[in-house]
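Chains, contacts and geometry: an overview
What follows is the residue order along each chain.
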Amino acid sequence: MVATILHGRALAETLRERLTEEAARYAHVYGRRATLALVSAGHDPTAALYAGQVARSCQRIGLDCQMRSFDDDVAEAALRETVARLGERDDIQGVVVLLPLPPHIRQRVVTEALAPEKDIDGLGPRNAGRLLHGLASYVPSTADAARELLRDAGIALKGKTAVVVGRSNVGGKPAALLFLRARATVTICHSRTPDLAALTRRADVLFASTGRPGSITADMVKPGAVVLDAGMNAVAGRVVGDVDFEGVAEVAEAITPVPGGLGPLTNLVLIRHALLGPS
Ligand SMILES: NC(=O)c1ccc[n+]([C@@H]2O[C@H](COP(=O)([O-])OP(=O)(O)OC[C@H]3O[C@@H](n4cnc5c(N)ncnc54)[C@H](OP(=O)(O)O)[C@@H]3O)[C@@H](O)[C@H]2O)c1
């Protein structure tokens with residue numbers, strides 16, 4: 001194996017210690033623990049996995065985590081109403097809508113109902129618009145975790161070629177905007193991009209958020225590239241990323257593993273948003 005593995009462990013530990021102090025300070029000042037609310041609909045295994053990770057991180061750091069789970073057939077209006085009401089509560093510091101939602105629910109309708117100041121995963125249009133304009137906002141936590149990890153590893157983006165694979169509002173788009181803000185030259189690719197490999201092979205920094213295990217293979221990566229894998233896919237009881245780790249690690253200079261890598265940082269970044277506000 002050639003690549004340095006970007007575990008992000010030291011960064012996660014530092015962040016966890018800082019957040020534990022912040023959570024204690026919050027509890028001291030307000031006389032109660034800070035609280036996150038997670039809202040899910042249906043039984044998507046990846047969403048369940050993510051919810052479990054967030055709940056465990058909250059417990060470890062000293063936040064309360066409330067779960068509102070609905071069945072697959074929940075009405076869009078009921079989900080929207082729940083999210084709106086949770087966002088109005090003073091005793092809840094952040095609300096996260098777990099994705100994906102069942103097909104009959106329009107994600108936009110639900111995320112638009114959430115008060116922007118409680119939208120700690122940056123899913124709604126107000127935070128997305130502020131991110132686009134380079135203003136302080138809640139940035140979707142996986143993209144924010146990628147920014148943190150690069151900063152911690154001393155990998156500068158300025159002047160680099162960055163390629164983002166995936167154009168979702170929680171993955172590819174916010175990552176691309178953060179990379180652009182850091183003055184990388186950014187290309188966004190998706191499932192209809194012709195000759196994807198020709199573009200990804202130009203990347204100094206390659207960010208994958210496709211939701212398809214193994215969609216980035218060694219032949220798609222420039223030797224010496226930094227590869228960030230946002231993927232978190234539950235496959236046969238295991239978590240795997242979107243990148244073919246074994247193959248790509250033979251070519252890349254640095255790579256995030258799954259599990260590990262961006263995943264644990266994502267939870268911590270989400271909690272940081274709840275305790276410390278937008279950045
Ligand atoms: N670490 C975490 O905490 C965390 C948080 C959120 C998401 N995730 C993970 O990140 C991954 C992606 O999530 P998402 O919400 O961004 O997914 P998504 O909404 O399904 O979007 C996937 C994107 O990837 C593109 N795509 C799919 N297959 C492709 C391929 N073979 N080649 C090129 N592009 C392809 C799609 O293109 P089209 O637009 O053309 O369909 C789409 O833009 C998932 O594994 C998810 O679990 C992790």
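Just so you know, these numbers come straight off a predicted model, no measurement behind them.

**Comments concerning the overall build of the protein chain**
The helix and strand inventory of the protein chain stands at ten helices and eleven strands. The C-alpha atoms of the protein chain give a radius of gyration of 18 Å, which matches the 19 Å a tight globule of 279 residues would have. For the protein chain, with 279 residues in total, the buried portion stands at 51%. Within the protein chain, contacts between residues separated by at least 24 positions form 71% of all contacts whose residues are at least 6 apart in sequence. Summed over all atoms, the accessible surface of the protein chain reaches about 12800 Å², with 51% contributed by carbon and sulfur. Computing the positive centroid from 32 side-chain charges and the negative centroid from 30, the protein chain places the two 5 Å apart.

**Overview of helix α3 (residues 76–88)**
The terminal C-alpha atoms of α3, which comprises 13 residues, lie 19 Å apart, in line with the 18 Å expected from a rise of 1.5 Å per residue. Residues Glu76, Leu79, Thr82, Val83, Ala84, Leu86 and Gly87 constitute the buried set of α3.

**Let's talk about the nonpolar core**
In this structure, Leu63, Phe179, Phe207 and Leu228 are the most contacted members of the largest nonpolar core, which totals 53 residues. The element that contributes the greatest number of residues to this core is helix α10 (residues 262–276), accounting for eight residues. Both of domain 1 (22–115) and domain 2 (140–262) provide at least three residues apiece to this core. Beyond its immediate stretch of four places on either side in the chain, phenylalanine 207 contacts Ala146, Val163, Val164, Val165, Gly171, Gly172, Ala175, Phe179, Leu228, Ala230 and Leu262. The next biggest cluster of nonpolar side chains, apart from the first, holds 20 residues, and it includes Val165, Ala208, Ile216 and Val227.

**Remarks on the domain arrangement of the protein chain**
Annotation of the protein chain at the domain level lists domain 1 (22–115) and domain 2 (140–262). Computed over C-alpha atoms, the centres of domain 1 and domain 2 are 27 Å apart. When domain 1 packs against domain 2, close to 510 Å² is buried across both sides, 69% of that on carbon and sulfur atoms. A per-residue breakdown of the area domain 1 buries against domain 2 is headed by Thr46, Leu49 and Tyr50, which together make up 65% of the total.

**Some remarks on the site of the ligand**
If you check the shell around the ligand, you find 22 residues, and the closest are Arg167, Ser168, Ser191, Met232 and Asn233. Between an oxygen atom of the ligand and a side-chain N or O atom of arginine 167, the distance comes to 2.4 Å. Side-chain polar atom of asparagine 233 to an oxygen atom of the ligand: 2.8 Å apart, as the coordinates give it. In the complex, 75% of the free accessible area of the ligand, which totals 930 Å², lies under the protein chains.

**Considering unusual backbone geometry**
A cis amide bond links leucine 99 with the next residue in sequence, proline 100, at an omega value of 0°. Examined against the element boundaries, proline 100 turns out to sit in the loop between β4 (94–97) and α4 (107–112). Cis geometry marks the peptide bond from valine 258 to proline 259, where omega comes out at 0°. Mapped onto the secondary structure, proline 259 falls in the loop between β11 (254–255) and α10. One non-glycine residue, aspartate 195, lies in the positive phi region at around 45°. Counting through the fold element by element, aspartate 195 comes out in the loop between β6 (185–189) and α8 (196–200). The exposed category is assigned to aspartate 195, whose relative accessible area is 55%.

**Observations concerning the packing of helix α1 (residues 9–30) against α10**
Across the interface, α1 lies against α10 with an axial gap of 10 Å and an inter-helix angle of 30°. Accordingly, the angle class assigned to the pair α1 and α10 is roughly parallel. For the pair α1 and α10, the crossing hand works out as left-handed. Across the interface between the two elements, Leu11, Ala12, Leu15, Arg16, Arg18, Leu19, Glu22, Ala23 and Tyr26 from α1 touch Leu265, Leu268, Val269, Ile271, Arg272, Leu275 and Leu276 from α10.

**Thoughts on the sheet that holds strand β2 (residues 35–41)**
As summarised here, the arrangement of the three strands in space is β3-β2-β4, forming an open sheet in which the pairing is parallel. What marks the edges here is a single partner per strand, and that holds for β3 (64–70) and β4. Averaged over all neighbouring strand pairs, the angle between strand axes comes to 15°, with direction disregarded. Sheet topology places β2 next to β4; four bridges connect them, and they run parallel. When the bridges of β4 are listed, leucine 36 appears paired with glycine 94. Running at roughly 170° to β2, helix α2 (residues 45–61) makes contact with β2 and β3 of the sheet.

Parameters and conventions
- Residues numbered from 1 in each chain as written.
- Predicted model: local features only at pLDDT ≥ 70, side-chain atom pairs only at ≥ 80, totals over all residues.
- Heavy atoms only, no water.
- Helix = DSSP H or I, 4+ residues; strand = E, 2+ residues; numbered from the N terminus.
- Rg over C-alpha atoms; globule rule 2.2 N^0.38 Å.
- Buried < 20%, exposed > 50% of the residue type's maximum accessible area, 1.4 Å probe, protein only.
- Contact = heavy atoms within 4.5 Å.
- Areas by Shrake-Rupley, 256 points an atom, 1.4 Å probe, with all protein chains shown as cover.
- Lys, Arg positive; Asp, Glu negative; His and termini not counted.
- Charge placed at Lys NZ, Arg CZ, Asp CG, Glu CD.
- Expected span 1.5 Å × (residues − 1).
- Core = buried A, V, L, I, M, F, W, Y, C linked by side-chain atoms within 4.5 Å.
- Domains from an automatic or database assignment.
- Buried area = accessible area lost by both parts, 1.4 Å probe.
- Near = heavy atom within 4 Å.
- Polar contact = N/O pair within 3.5 Å; in protein donor to acceptor, adjacent residues only side chain to side chain.
- Axes fitted to C-alpha atoms, helices over the stretch in contact; angles between N-to-C directions.
- Parallel < 35°, antiparallel > 145°, perpendicular 65-115°, else oblique.
- Left-handed = near helix turned anticlockwise from the far one by under 90°.
- Pairing = 2+ DSSP bridges.

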